Amino acid sequence: MAEWAEWAEPGAYEVAGGVFRVPLSMPDDGLHAVNVYAVETGGGLALIDGGWRTPTGLDELSSALTGVGHDVASIHDIYVTHIHRDHYTLAVELRRRFGARVHLGRDEAAGLHQLLEIASNVPVTSLRQLRRSGEDELAAVVHAMTEREGFDADGWEKPDSWLDPGEYAVGARTLEAVATPGHTKGHLVYHDLDARILFSGDHLLPTITPSIGFELGDWGLPLADYLSSLESMLARPDALLLPAHGAPGPSAQARATELLEHHDVRLAAAMRVLDELGEVTAGRVARTLTWTRRSRCFDELDSFNKMIATCETIAHLDVLVDRGQAQVQHDPDGSLFSLV
Ligand SMILES: [Zn+2]
């Protein structure tokens, strides 16, 4: 049962001069809503993130903007933080209807290419990690589930421009696009240094941790990327946190620090499991750890979240191996991790 979330109430909320937070509902989803941010530019509006192309998404956006004296047709540019459908697919629709230009981080190109290639919602990369975690059965369940869902090819087109990190003029403001790989490879946050605001996408979320390892493409070390992207936030001036899910927060740096601590705790917990159980698969480790803010057992999670939990676990174990604190033995029935 989804609990009520005040921040997800429909509307357009001014969070800084000329910047409005617009939550768009995400039906049947524990995240409640995705925030897009509308920025007045003098010549209309720019959006940070486009939202999800649901049956109601465009109407929700339109009536929220009307409520603050703006017109959805005046959106001329959309700066998307990453390729996930709740951030990207409505941007494509806004381009079709109103000619808005869509911008996305260059390192998302491979992921989009793969998605168009397989033309399916099946998260093939994550399923490969499930098998490497010794969770073939779960992989089969998620495969069948996501195949049944069908694929809405219509929401997926290339952006007008692939953004590199750097400064972009948005009306009178300058937004700095900062590479923050981890949640996805090409994730960007947009930092307005003068206004001291940070559009953080899913990189920094106020009450939850973004999933790691749920994207298409080469696996690499997504958690190591994420941790260095968190550290890079600490090297920048602090800012008001404007996240894609959840209420704004006073300090992007404070949240980055909390998330770094969270992953330290999780890495230590994974090491304790290896210490207790000896040589084990990532799936076994995931089943031993607890999940979500409420410390739930693995078996209480639905199949989709079991996949997310397992991918996160193997991402943590890969980091321990990379740091020389654990070792891994490859096995067709699931890689076996143990302490060094
Ligand atoms: Zn996302």
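Our structure's up above, just so we're on the same page.
Residues numbered from 1 in each chain as written. Predicted model: local features only at pLDDT ≥ 70, side-chain atom pairs only at ≥ 80, totals over all residues. Heavy atoms only, no water.

> What should I look at first to understand the sheet that holds strand β5 (residues 75-79) in this one?
Within a sheet, adjacent strands bond to each other through the backbone by hydrogen bonds, running parallel or antiparallel. Ordered by their spatial adjacency, seven strands build an open sheet running β1-β2-β3-β4-β5-β6-β7, and the pairing between neighbours is mixed. Each having just a single partner strand, β1 (13-16) and β7 (161-163) make up the two edges of the open sheet. Neighbour to neighbour, the strand axes of the sheet diverge by 30° on average, direction disregarded. In terms of strand pairing, β1 meets strand β2 (residues 19-25) through three bridges, oriented antiparallel. Bridge pairing links Glu14 to Phe20 in β2. Across the face of the sheet, helix α1 (residues 57-67) comes into contact with β2, β3 (33-40), β4 (45-48) and β5 while running at roughly 150° to β2. (Pairing = 2+ DSSP bridges. Helix = DSSP H or I, 4+ residues; strand = E, 2+ residues; numbered from the N terminus. Axes fitted to C-alpha atoms, helices over the stretch in contact; angles between N-to-C directions. Contact = heavy atoms within 4.5 Å.)

> Hey, could you run me through the pattern of salt bridges in this one?
Pairs can form between side chains of opposite charge whenever their charged atoms are close. Overall, the coordinates contain 20 salt bridges when judged by the stated rule. Residue Glu258 pairs with Arg255 through a salt bridge whose shortest N-O separation is 2.6 Å. Pair noted here: Glu258 and Arg255 are both in helix α7 (residues 252-277), with a separation of three residues, about one helical turn. Classification of Glu258 by relative accessible area gives partly exposed; the value is 40%. (Salt bridge = Lys/Arg side-chain N within 4 Å of Asp/Glu carboxyl O. Buried < 20%, exposed > 50% of the residue type's maximum accessible area, 1.4 Å probe, protein only.)

> Which parts of the structure should I look at to understand the environment of Glu149?
Mapped onto the elements of the fold, Glu149 is located in helix α5 (residues 136-149). According to the relative accessible area criterion, Glu149 is partly exposed, its value standing at 48%. Distance from Glu149 to Asn121, taken between C-alpha atoms, is 7.4 Å for residues 28 residues apart in sequence.

> What should I look at first to understand the environment of Pro23 in this one?
As for its placement among the helices and strands, Pro23 is situated in strand β2. Pro23 gets classed as buried once you look at its relative accessible area, which sits at 3%. Sequence separation between Pro23 and Pro10 is 13 residues; the distance between their C-alpha atoms is 6.0 Å. Apart from the residues within four sequence positions on either side, Pro23 is in contact with Trp7, Ala8, Glu9, Gly11, Tyr13, Ala33, Val34, Asn35 and Glu60.

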